[in-house]
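Single-letter residue listing:
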Number of protein chains: 2
Amino acid sequence: MSRAPLRVAVLGAGTVGREVVRSLIECGPDLVAADGAPFELVGIAVRDLGKARAAGLPAGLLTDAPAHLVADPDVDVIVELMGGDEPAHTLIAAALAAGKSVVSANKHVIAHHGPDLEATARRTGATLRFEAAVGGGIPVLGPLATDLAANRVISIRGIVNGTTNYILSAMADEGRDYGDVLAAAQAAGYAEADPSGDVEGHDAVNKLVILARLAFGIWLDPADVVITASADGPGAGRPGITGVSAADIATAAAGGRTVKLVAEARRAADGSIEASVLPTALASDSALARTAGVLNRIEVEAVPVGTVAFSGPGAGGAATSSAVLGDLIAISRELGSTWAGLPPAAAR
Amino acid sequence: MSRAPLRVAVLGAGTVGREVVRSLIECGPDLVAADGAPFELVGIAVRDLGKARAAGLPAGLLTDAPAHLVADPDVDVIVELMGGDEPAHTLIAAALAAGKSVVSANKHVIAHHGPDLEATARRTGATLRFEAAVGGGIPVLGPLATDLAANRVISIRGIVNGTTNYILSAMADEGRDYGDVLAAAQAAGYAEADPSGDVEGHDAVNKLVILARLAFGIWLDPADVVITASADGPGAGRPGITGVSAADIATAAAGGRTVKLVAEARRAADGSIEASVLPTALASDSALARTAGVLNRIEVEAVPVGTVAFSGPGAGGAATSSAVLGDLIAISRELGSTWAGLPPAAAR
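Conventions adopted
Residues numbered from 1 in each chain as written. Chains lettered and ligands numbered in written order. Predicted model: local features only at pLDDT ≥ 70, side-chain atom pairs only at ≥ 80, totals over all residues. Heavy atoms only, no water. Helix = DSSP H or I, 4+ residues; strand = E, 2+ residues; numbered from the N terminus. Domains from an automatic or database assignment. Contact = heavy atoms within 4.5 Å. Buried area = accessible area lost by both parts, 1.4 Å probe. Salt bridge = Lys/Arg side-chain N within 4 Å of Asp/Glu carboxyl O. Polar contact = N/O pair within 3.5 Å; in protein donor to acceptor, adjacent residues only side chain to side chain. Buried < 20%, exposed > 50% of the residue type's maximum accessible area, 1.4 Å probe, protein only. Arc of directions from axis to C-beta. Pairing = 2+ DSSP bridges. Axes fitted to C-alpha atoms, helices over the stretch in contact; angles between N-to-C directions.

Draft legend 1. The arrangement of unusual backbone geometry in detail. The omega torsion across Glu86 of chain A and Pro87 of chain A is 5°, close enough to zero to call that bond cis. In this fold, Pro87 of chain A is placed in the loop between strand E4 (77-80) and helix H4 (88-97). Backbone geometry at Ala236 of chain B places phi at a positive 50°, although glycine is not the residue there. Note on placement: Ala236 of chain B falls in the loop between helix H10 (202-216) and helix H11 (246-254). The backbone of Glu334 of chain B sits at a positive phi, close to 60°, despite the residue not being glycine. If you trace the backbone, Glu334 of chain B turns up in the segment after helix H12 (317-332).

And the structure:
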């Protein structure tokens, strides 16, 4: 093939961004699909130019003005790996409005602005892919939208947040209290200084909203996903895992159960979708309960397939770069958006 | 969309064929992808017309001449669900030579005639899809070829044969001998009257050959896959599970291990692919060892993603129909063959 190369700009050079840049530079020609266009890395937007140069990123490609890359007519594809709401949201929206392809790992932006971004992409014919936003490198959105496209999904449930799973695993293994383990996880870099996005369940909610778009054809409102534990179960009426006590875990263990933060969306009898992210005492012998540490596992129950599961490392720069690069290859093959083949999402 | 419908003929109305026919008749319009052509079922080839009519298959679509459907210019897509070598092989080859799209669940034909069928499909531009040939309804070939396309695969291993896994599970659970359990499995319909295809490992070999095509870009010769157990481990120097004794299983259990028939292909240091299907004593606590009964599990170790796993029901008419119908939807969306995007396979 001798197609014109796809000119790619990467916004953000954190853990995932650095891996993506490294692969595009080192393995560029090996990444080309047999029926796709080759890639050319033309820009990298970073927050701190000096730090990026010191980290060995190619100085000639660096800029601290991501909006310039988005507006540049010589950039075909924007890879957004900055995270957070703004400026990522505006940059993605502007790229799609201009008809550029976008790959994003930003679960917050996709979950919170999904309906608008999908409408913009459909209007301009731009491609938006976001496999990396859920489950790190585990293929799950692609299989839902393509391999499992003939199914009617009944439910999706999984463990999709590594930080809370690490904390719950450590509490169970060591019999320690939530506060102790959280502090240790923060010290070790497994939890952020402000851990609320993880421990209150918001990160898992975002991933569940994205899974539900592919599984059920609807963009749920993140605010509608239940995150407050019941007062009389594990979690003591508080959001996410913030109310889970050593006693909750001991009580569960005495009954052969393990407490996990389970994200679940299910088709109710009236056709509506019920969604929650709650600490749940699972049979300790089940595959979901045995998903330890930073692993993720997502189970899809559907007709006619039955229950299939996808598991693996749910985070990390290298693993997540696999999904970002896979999306880039899909764009070079003109496979369309992550939702390609599915009808437009129903209104929220 | 108002594309011309894809005219589909189904060859074979066994467990899987009946489910596919039922879905095409009952859910036809629901199966249409937003960007794909609709389906029209135009023929069903069966062995016994009387039996098929009695089973409620639509009499007007039935024929006992599959070659006529393949030759019919009014048929666009052949869905081959007859199984076995001939006439399935000749029918698939003829359809591809005529430029028709083919969906097949036939692991024997794909594994044994893969190089020729791929060459024919590439020559005529025909599409050949075979997700259903491995792991029933579990999406694994599609994710390997698309979502994981940026990875270099190090190894693939899995439990891909339900019959042997059922027998080994029953031997371990009940402490019974191979011969006893096999006889019971045959009586219950879980094993065939001539069980050699399953118990000697040939079925798993076929699936491993197909997985390796997507993972490593080469069609292995099924005859080159090692199936003879080592003389001093479980399996006593015999093929597949035929030499596994109750004593092998008890010895493994005493060491915290479980005997499973593991299919594995791995990139050796010299770049060649080493492939085997062997009874293997796995740590009983591992996810692979805990894959019980008729479940399948396939683990892919690759760079940069790490290890990801796919699991679910590896057989059964309904589960397998999910993969067949998913391939039909992919054809209606013009996504190409299962290997689309990958380079042509290296010579055997």
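Draft legend 2. Region of interest: the domain arrangement of chain A. All names here are of chain A. Partitioning chain A into domains gives domain 1 (6-137 + 317-332) and domain 2 (142-313). Placing the centre of domain 1 and that of domain 2 at their C-alpha centroids yields a distance of 28 Å. Contact with domain 1, which involves 17 residues of that partner, is made by 16 residues of domain 2. At the boundary of domain 1 with domain 2, total buried surface from both sides reaches about 1,300 Å², with 65% on carbon and sulfur atoms. Looking only at domain 1, the three residues that lose the most surface to domain 2 are Lys107, Ala111 and Val134, adding up to 38% of its buried area. Between domain 1 and domain 2 we count two salt bridges in total. We note a salt bridge from Arg213 to Glu118, for which the minimum N-O separation is 2.9 Å. Scanning the region where domain 1 abuts domain 2 turns up five residue pairs in polar contact (both at pLDDT 80 or more). A total of nine residues in the side of domain 1 that touches domain 2 trace back to one element, the largest contributor, which is helix H5 (residues 107-124).

Draft legend 3. Inspection of the interface of chain A and chain B at higher detail. Opposite the 41 residues of chain A that make contact, chain B presents 41 residues. Counting the surface lost from both chain A and chain B, the interface buries some 3,000 Å², and carbon and sulfur atoms represent 56% of this. Applying the counting criterion to the chain A and chain B interface returns two salt bridges. Taken together, the connections running from chain A to chain B amount to 10 residue pairs in polar contact (both at pLDDT 80 or more). If you list the elements that add at least two residues to the side of chain A that touches chain B, you get helix H6 (141-145), strand E11 (306-313) and helix H12 (317-332) of chain A.

Draft legend 4. Up close: H11 of chain B. Residue and element names in this part refer to chain B. Looking only at H11, the buried set comprises Asp248, Ile249 and Ala252. The buried residues of H11 all sit within an arc of 95° when viewed along its axis, so they share a single face. In H11, the exposed positions that point more than 90 degrees away from the buried face belong to Thr251 and Ala254. Looking at the buried side of H11, the elements it contacts are helix H7 (162-174), strand E8 (257-267) and strand E9 (273-283). At the C-terminal side of H11, Gly256 shows a positive phi close to 75°.

Draft legend 5. Here's a closer look at the sheet that holds strand E3 (residues 62-63) of chain A. All names here are of chain A. Overall, parallel pairing links the six strands, which are arranged E3-E2-E1-E4-E5-E6 in an open sheet. One side of each edge strand has no neighbouring strand; the edge strands of this open sheet are E3 and strand E6 (128-129). Bridge count for strand E2 (residues 39-45) against E3 is two bridges, and the pairing is parallel. Paired with Ile44 across the bridge in E3 is Leu62. In the packing of helix H1 (residues 15-26) onto the sheet, contacts are made with strand E1 (6-11) and E2, and the angle to E2 comes to roughly 145°.

Draft legend 6. Representation of the side chain of Arg297 of chain A within the structure. Assignment of secondary structure puts Arg297 of chain A in strand E10 (residues 295-303). On the basis of relative accessibility, which here comes to 11%, the residue Arg297 of chain A falls in the buried class. A polar atom in the side chain of Arg297 of chain A sits 2.8 Å from the side chain of Glu299 of chain A. Once you skip the residues sitting within four places of it in the chain, Arg297 of chain A turns out to touch Arg157, Gly158, Ile159, Ala287, Leu288, Thr291, Ala309, Phe310 and Ser311 of chain A together with Ser311 of chain B.

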